[in-house]
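Overview (structure and organization)
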Amino acid sequence: MNAALEILRRDFGGDIIEPGAEEYASASRTMLVTGSPAVVLRPGSVGDVQAAVRFAADAGLALSVRGGGHAFPGFGTNDGGVVIDLGGLADVEVVDKERHLVRVGGGATWGRVAAALAPHGLAISSGDTRSVGVGGLTLVGGIGWKVRKHGLALDSLVAAEVVTAGGQVVRADAEENSELFWALRGGGGNFGIVTAFTFAAHPTTDVFFGRITFPVSEAAAVLRGWADHLRTAPEELTSIANIANPLAGGPSAPVEIYVAVDGDDPRLAAEIVDPIRRLGTVIDDEVALRPYADTLVDGIVAPPGIRLVTRSAFVGEESVPEALGIVAEAGAAERAPFISVRSLGGAVSRVPHDATAYAYRRAELLVVTTVVGPAPVVEAARPVVESVWGRLAPHVDGAYAGFLTSAAEEDVAAAYPERTYRRLAAVKRQWDPGNLFAGNHNVRPA
Ligand SMILES: Cc1cc2nc3c(=O)[nH]c(=O)nc-3n(C[C@H](O)[C@H](O)[C@H](O)COP(=O)(O)OP(=O)(O)OC[C@H]3O[C@@H](n4cnc5c(N)ncnc54)[C@H](O)[C@@H]3O)c2cc1C
């Protein structure tokens, strides 16, 4: 590797960080996982990314590509391999004011995008956290606060600039390399390094946003009424229901209903939110008008030794009552995992199921469980979590790759139903036959 590194050094414009360097410790870790890579490369240009990819391929070492570094399995680092950290490619530029086209560097974070677009009165529906990367989130889906009105983040993607496993730069959009474009929208980082994303942003106003809390004893009725309301409410409403939030007291914590109303009309907000307020005994109501960018929160970097285990599955319309009944019961029980239920439907479900590699278009809800703590705590919680998922199994389908700590074969199979997987594997064979980009929920070349 050393000889190859010497060659790379000659014209690499970014940073090359090796063990012993001052920055090595911070450059080796992601939000959740500490690694010990042989080298971390931080490209400063697309040419640097090409050089870094060629170097990694020649070195024959494991490769991790890091966007925002938030993948739960810690895809953005490794032990003994190469990390390409895209943090230096983070520009956000409105490139077409009339069509609201925005070019975003492959290593930008959503906080940066929201802040850059706010002065233009624009936003892209993304996620709920500033420090999450545009790369990782867009490539698997992107379930944010405008998801029911504007769809997933990947539904706003109109083109991608990609450095392939062979080190070439190609464009992927609806006309050019359209099959690659299909795969990039849901298939994760399997197909190349996206150095720039072009999105069609949405005009945005301030939005009504906040949390309404109810006693956990009313969980069953509140969750059921919430799901019924979502089915008929205007698509301006996107919502998340949380139960057993560990930061608010675990199983005795109140049920939290977060609402985001995409608009600044108080009458529309009242029409949308008042039925939720009437679902039970409101303990607290923080819904207020605020800039869209202020709805995003900061991610917390987990201290060394703290693990965060998350798992998810989709719920179709017919299974909503049973699934929410189980969630309400499980969330109020002793040693419950943190359970979050995200609303989908709306614009997400209007996209044909095979238009992108994100397959679960018809789901109404996404259930996510999370356990956080040192290894013994996580291990102790495992039987309870298994039992919750065992009960949910007949009522849920697949998994969202963005909320999956495990990356075993069954997780890949859950994220990508068979037909989707087969099509992804064919695209993989064309663009990455040697499986250089394997640090993800990996699709093997067909
Ligand atoms: C605190 C927190 C909050 C979250 N909130 C949401 C949410 O509201 N909605 C939601 O949908 N998801 C959410 N997620 C899940 C999130 O979408 C995934 O964790 C995602 O993988 C993070 O992307 P990243 O770029 O930060 O991560 P990374 O670990 O850097 O990358 C994740 C994967 O994408 C690949 N990748 C990243 N950038 C590129 C690129 N430019 N080109 C090619 N491959 C790339 C990496 O190789 C890796 O395989 C959240 C996660 C966390 C930890």
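Just so it is clear, the structure is predicted and the values come from calculations on it, not from any experiment. (Residues numbered from 1 in each chain as written. Predicted model: local features only at pLDDT ≥ 70, side-chain atom pairs only at ≥ 80, totals over all residues. Heavy atoms only, no water.)

1. Considerations on the overall build of the protein
Each helix and strand counted, the protein has 14 helices and 19 strands in total. For 446 residues, the compact-globule estimate of 2.2 N^0.38 gives 22 Å, and the C-alpha radius of gyration of the protein, at 21 Å, lies within 12% of that figure. In terms of principal-axis extent, the alpha carbons of the protein reach across some 70 × 55 × 45 Å. Looking at the protein as a whole, 54% of its 446 residues qualify as buried. Long-range contacts, defined as pairs at least 24 residues apart, comprise 72% of the intrachain contacts of the protein with a sequence gap of at least 6. Here the protein has roughly 17,900 Å² of accessible surface; of this, 52% comes from carbon and sulfur atoms. When the 38 positive and 52 negative side-chain charges of the protein are each reduced to one mean point, those points stand 2 Å apart. (Helix = DSSP H or I, 4+ residues; strand = E, 2+ residues; numbered from the N terminus. Rg over C-alpha atoms; globule rule 2.2 N^0.38 Å. Buried < 20%, exposed > 50% of the residue type's maximum accessible area, 1.4 Å probe, protein only. Contact = heavy atoms within 4.5 Å. Areas by Shrake-Rupley, 256 points an atom, 1.4 Å probe, with all protein chains shown as cover. Lys, Arg positive; Asp, Glu negative; His and termini not counted. Charge placed at Lys NZ, Arg CZ, Asp CG, Glu CD.)

2. Here we look at the domain arrangement of the protein
Taken domain by domain, the protein comprises domain 1 (2-88), domain 2 (98-203) and domain 3 (207-409). Each of domain 1 and domain 2 has a C-alpha centre, and these two points are 22 Å apart. Contact with domain 1, which involves 12 residues of that partner, is made by 16 residues of domain 2. Both faces considered, domain 1 and domain 2 share a buried interface measuring about 1,000 Å² in area, 70% of it formed by carbon and sulfur atoms. Seen at the junction of domain 1 and domain 2, the total is zero salt bridges. At the boundary of domain 1 and domain 2, one finds three residue pairs in polar contact (both at pLDDT 80 or more). (Domains from an automatic or database assignment. Buried area = accessible area lost by both parts, 1.4 Å probe. Salt bridge = Lys/Arg side-chain N within 4 Å of Asp/Glu carboxyl O. Polar contact = N/O pair within 3.5 Å; in protein donor to acceptor, adjacent residues only side chain to side chain.)

3. A short note on the site of the ligand
Close contacts around the ligand come from 33 residues, with Val-65, Gly-67, Gly-69, Ile-143 and Tyr-400 the closest. At a separation of 2.6 Å, an oxygen atom of the ligand approaches a polar backbone atom of Gly-67. Gly-133 places a main-chain nitrogen or oxygen 2.8 Å from an oxygen atom of the ligand. Relative to its unbound accessible surface of 950 Å², the ligand loses 94% to contact with the protein. Those elements giving two or more residues to the shell around the ligand turn out to be β3 (63-66), α5 (134-140) and β10 (193-200). A per-element tally of the shell around the ligand places α5 first, with four residues. In terms of residue class, the shell around the ligand is built from 14 nonpolar, 16 polar and three charged. (Near = heavy atom within 4 Å. Nonpolar A, V, L, I, M, F, W, Y, C, P; charged D, E, K, R; others polar.)

4. A word on the side chain of Thr-138
Mapped onto the fold, Thr-138 is located in helix α5. Apart from residues lying up to four places away in sequence, Thr-138 is in contact with Trp-110, Ala-153, Leu-154, Leu-157, Leu-184, Phe-197 and Phe-199.

5. With respect to the sheet that holds strand β9 (residues 169-173)
Taking strand neighbours across the sheet as the criterion, the five strands line up as β5-β6-β10-β8-β9 in an open arrangement whose pairing is antiparallel. Two strands bound the open sheet, and with one partner strand each, they are β5 (92-96) and β9. The average angle at which neighbouring strand axes cross in this sheet is 20°, direction not considered. Of the pairings in the sheet, the one linking strand β6 (residues 101-105) to β10 comprises five bridges and is antiparallel in character. Looking at the pairing, Leu-101 lines up with Ala-200 of β10. (Pairing = 2+ DSSP bridges. Axes fitted to C-alpha atoms, helices over the stretch in contact; angles between N-to-C directions.)

6. A short note on the nonpolar core
Membership of the largest hydrophobic core comes to 60 residues, with the highest contact counts inside it found for Trp-110, Leu-184 and Tyr-358. Among the elements that make up this core, the one with the highest residue count is helix α7 (residues 178-184) (five residues). Apart from the residues within four sequence positions on either side, Tyr-358 is in contact with Val-140, Gly-141, Ile-143, Leu-152, Leu-154, Arg-185, Gly-186, Phe-314, Leu-344, Val-348, His-353 and Tyr-400. Val-259, Ala-313, Ala-330 and Val-388 belong to the second largest nonpolar core, which has 44 residues in total. (Core = buried A, V, L, I, M, F, W, Y, C linked by side-chain atoms within 4.5 Å.)

7. Regarding the packing of helix α10 (residues 320-331) against helix α12 (residues 375-392)
The N-to-C vectors of α10 and α12 enclose an angle of 160°; their axes lie 10 Å apart at closest approach. Overall, the two elements α10 and α12 adopt an arrangement that is roughly antiparallel. Handedness of the α10/α12 crossing: right-handed. When α10 is examined against α12, the residues Ala-323, Ile-326, Val-327, Glu-329 and Ala-330 are found in contact with a partner set consisting of Val-388, Arg-391 and Leu-392. Residues belonging to the contact of α10 with α12 are distributed by class as follows: six nonpolar, no polar and two charged. (Parallel < 35°, antiparallel > 145°, perpendicular 65-115°, else oblique. Left-handed = near helix turned anticlockwise from the far one by under 90°.)

8. Describing the sheet that holds strand β4 (residues 82-85)
The mixed open sheet is built from four strands, whose spatial order is β1-β2-β4-β3. At either margin of the open sheet sits one strand with a lone partner, and together these are β1 (15-17) and β3. Between one strand and the next, the sheet's axes are offset by a mean angle of 15°, whatever the strand orientation. In the sheet, β1 pairs with strand β2 (residues 39-42) via three bridges, with the strands oriented antiparallel. Note that in β2 the partner of Asp-15 across the bridge is Arg-42. On the sheet, helix α3 (residues 46-59) packs against β2, β3 and β4 and is oriented at approximately 165° with respect to β4.

9. Thoughts on the pattern of salt bridges
The full count for this structure, using the stated rule, is 26 salt bridges. The partner of Asp-155 in a salt bridge is Arg-361, with the nearest N and O atoms 2.8 Å apart. Of the two residues, Asp-155 is situated in the loop between α6 (147-150) and β8 (157-163) and Arg-361 in the loop between α11 (347-350) and β19 (365-374); the sequence distance between them amounts to 206 residues. On the basis of relative accessible area, Asp-155 is assigned to the partly exposed category, the value being 24%.

10. Focus on α10
Across its 12 residues, α10 extends 16 Å between first and last C-alpha, which sits within 8% of the 16 Å expected from 1.5 Å per residue. Turning to α10, its buried residues are Val-320, Ala-323, Leu-324, Ile-326, Val-327, Ala-328, Ala-330 and Gly-331. Turning to α10, the residues buried within the fold contact α8 (219-232), β13 (237-243), β17 (306-315), β18 (338-343), β19 and α12. (Expected span 1.5 Å × (residues − 1).)

11. Details of a negative patch on the surface
A cluster of acidic residues, Asp-206, Asp-264, Asp-265, Glu-271 and Asp-294, forms a negative patch at the surface. Of note, Asp-206 is situated in the loop between β11 (202-203) and β12 (207-214). (Patch = residues over 30% accessible without salt bridge, like charges linked within 9 Å, V, L, I, M, F, W, Y side chains within 5 Å.)

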